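# Structural features, examined
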Amino acid sequence: MNFLLKLTLTFLLVTIFCNISFSQNNLSLKSAIDIAINNNADLKASESIITQEKGKSLQTNAFKKPEVFVEYEGVHGFFNEYDTRKIGISQSFDFPSLYFLRSSISNYSIELAKRDYQKKQSEIIYNVKSAYLNIEYYNSLKKINQSNRDVIDTLLIISEKKLNVGIGDKIAVLQARINKTKSESDIASAELQLQASYNELSKLLGGKKDFTVTEDLLNENNFSALDKFGVDTSYTNLTNNIDNIIAELKLQQGEDMLSLAHSSWLPEFNLSYYNIQTTGSSDSYGLHLGLTIPLWFWQDTRGQVMEMQASNNAALYNKEMTKISVRKDIELYNKTLVSAIQKIKLYRIEILSQTQEVMELSKKSYEQGITNYLDYLNSQKLMNDTQIEFLNAMLDYYKAIYNLEKLKGK
């Protein structure tokens, strides 16, 4: 009784441990994205840059340090014997508009840092989705090639039997062996690509290994809704595109920097408040207001204006080129998406089932000796090519979706 109880408990513990280990190795697409974002060093560096820009903004908006001064006139020996002593504090101020311009430029820098973070995050999500999708693609391709090899193995056995009983020919056997070698090469190639995709996703996850993808994105049933309804293909809004937003922010920041350069001609204010002590008379107080005008340094200011004007023109050109490039990319991926949807519908509704029927009919005919080896080989090749084309159409569908989501800033 004790032995049975121990055996039962051991079995239960092993089962629970295996289930926990299995669940820990399962990796959904959402989990993969979360892990990649949390572990990405470049993204963490971008967070530090945002904090750095906020610190710079505080420095930019700060006033200049005040100056405390003491002046003596008519000193006789020591500083306690003088005719006049002036003690005061002096504060310099830039022209008021400069503070607003610098603050605006700093805010643009902070916003640009945030958008750069968002862009890197979007790229990480895109790369994880692509790597995850490639794993499923090459795994599916491997299964198709393995199925193709199984058919060829069966064909080889049938061809050898026919040859042994005198109703076959050596060419059919030789051709079957050649096709088997090619199918095994295709399997090995898919395995190499599959391993490369695993390595790419592992790198994006910060070195995580021993995981199993679980989404099954390329399952044919996931596309049943496309047969009647299709999907929303209205990815034409450029408002949320990160590259467009960054280009617009750089242009606006450049305009403020140009205005700041022009503002260098404006005077700087100096305000002083002081106490005057004169020997033999009561204390008095004074106020001084001064202006600093860049009379002798006009070339420096002019050079700043020219530099900022050129930079602003470049930002304007870059904005227009970015808008054109993004619009072209959206048009391209929209067309790819529509084409992939049409192809998936056609293959699901007609081609796959028809090809399967032709394959089964050809197989029976060959086994019964009605058709020759080449007819069976052609139908088998047609079936294999059809499955791969359908797989490629599903791959194109997801790639177009991922690229359009990236362009929309998702």
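Look above for the structure.
Numbering of residues begins from 1 in every chain and follows the order in which that chain's sequence is written. It should be noted that, the model being predicted, local features are given only for residues of pLDDT at least 70 and side-chain atom pairs only at 80 or more, the latter also being counted only at that level, while totals for whole chains, interfaces and linings use all residues. Only heavy atoms go into the side-chain values, all of them from the structure, while hydrogens and water stay out.

## Concerning the sheet that holds strand β5 (residues 268-278)
Our working definition: By definition, two strands form a pair when at least two bridges between them are found by DSSP. By definition, any uninterrupted DSSP run of H or I lasting at least four residues is a helix, any uninterrupted run of E lasting at least two residues is a strand, and each is numbered from the N terminus. Under this scheme, a helix contributes an axis fitted over its contacting stretch, all axes are lines through C-alpha atoms, and angles between N-to-C directions fall in the 0 to 180 degree range.
The strand order β2-β3-β5-β6 describes an open sheet built from four strands, whose pairing is antiparallel. The sheet is open, and its two borders are formed by β2 (67-73) and β6 (284-292), each paired with just one other strand. Each strand of the sheet is rotated relative to its neighbour by a mean of 20 degrees, with strand direction disregarded. Both β2 and strand β3 (residues 84-93) contribute to a ladder of seven bridges, which runs antiparallel. Across the sheet, V68 pairs through a bridge with I89, a residue of β3.

## Considering the packing of aromatic side chains
Here is the rule we go by: Stacked, edge-to-face and tilted are the three classes for Phe, Tyr and Trp ring pairs, Trp counted by its six-membered ring, which pair at centre distances within 6.5 Å; planes under 30 degrees apart are stacked, over 60 edge-to-face, the rest tilted. Partly exposed describes any residue whose relative accessible area lies between the buried limit of under 20% and the exposed limit of over 50%, with all areas from a 1.4 Å probe on protein chains only and scaled to the type maximum. Note on geometry: a ring has a charge over it if NZ (lysine) or CZ (arginine) is within 6 Å of the ring centre and within 35 degrees of the ring normal.
Evaluated as defined, the whole model comprises seven aromatic pairs. With 6.0 Å between their ring centres and 25 degrees between their planes, F95 and F269 make a pair best called stacked. Of this pair, F95 sits in the loop between β3 and α4 (96-164) while F269 sits in strand β5; the two residues are 174 residues apart in sequence, bridging distant segments of the chain. Between Y273 and Y285, the ring centres sit 6.1 Å apart and the planes meet at 10 degrees, which makes this aromatic pair stacked. You can see Y273 sitting in strand β5 and its partner Y285 sitting in strand β6, a full 12 residues away along the chain. You can call Y273 partly exposed: its relative accessible area is 45%. Here Y285 falls in the exposed class, since its relative accessible area comes to 58%. Chaining the aromatic ring pairs together yields one cluster made of Y397, Y398 and Y402. Above the ring of Y274, the side-chain terminus of K86 is found at 4.5 Å from the ring centroid. Over the ring of Y126 we find K406; its NZ or CZ atom is 4.6 Å from the centre of that ring.

## Things to note about the packing of α4 against helix α6 (residues 242-262)
Under the convention used in this document: When an angle is under 35 degrees it counts as roughly parallel; over 145 it counts as roughly antiparallel; between 65 and 115 it counts as roughly perpendicular; any other value is oblique. Here is the rule for handedness: rotate from the far helix to the near one, and if that takes an anticlockwise turn smaller than a right angle the crossing is left-handed, while a clockwise turn gives right-handed. Gly is put with the polar residues, along with every residue not named as nonpolar or charged; the nonpolar set is Ala, Val, Leu, Ile, Met, Phe, Trp, Tyr, Cys and Pro, and the charged set is Asp, Glu, Lys and Arg.
Close contact between α4 and α6 brings their axes to 9 Å; oriented N to C, the two are set at 160 degrees. In this view, α4 runs roughly antiparallel relative to α6, as classed from their interaxial angle. Here α4 and α6 pass one another in a crossing that is left-handed. Across the contact of α4 with α6, the residue classes tally to 11 nonpolar, seven polar and eight charged.

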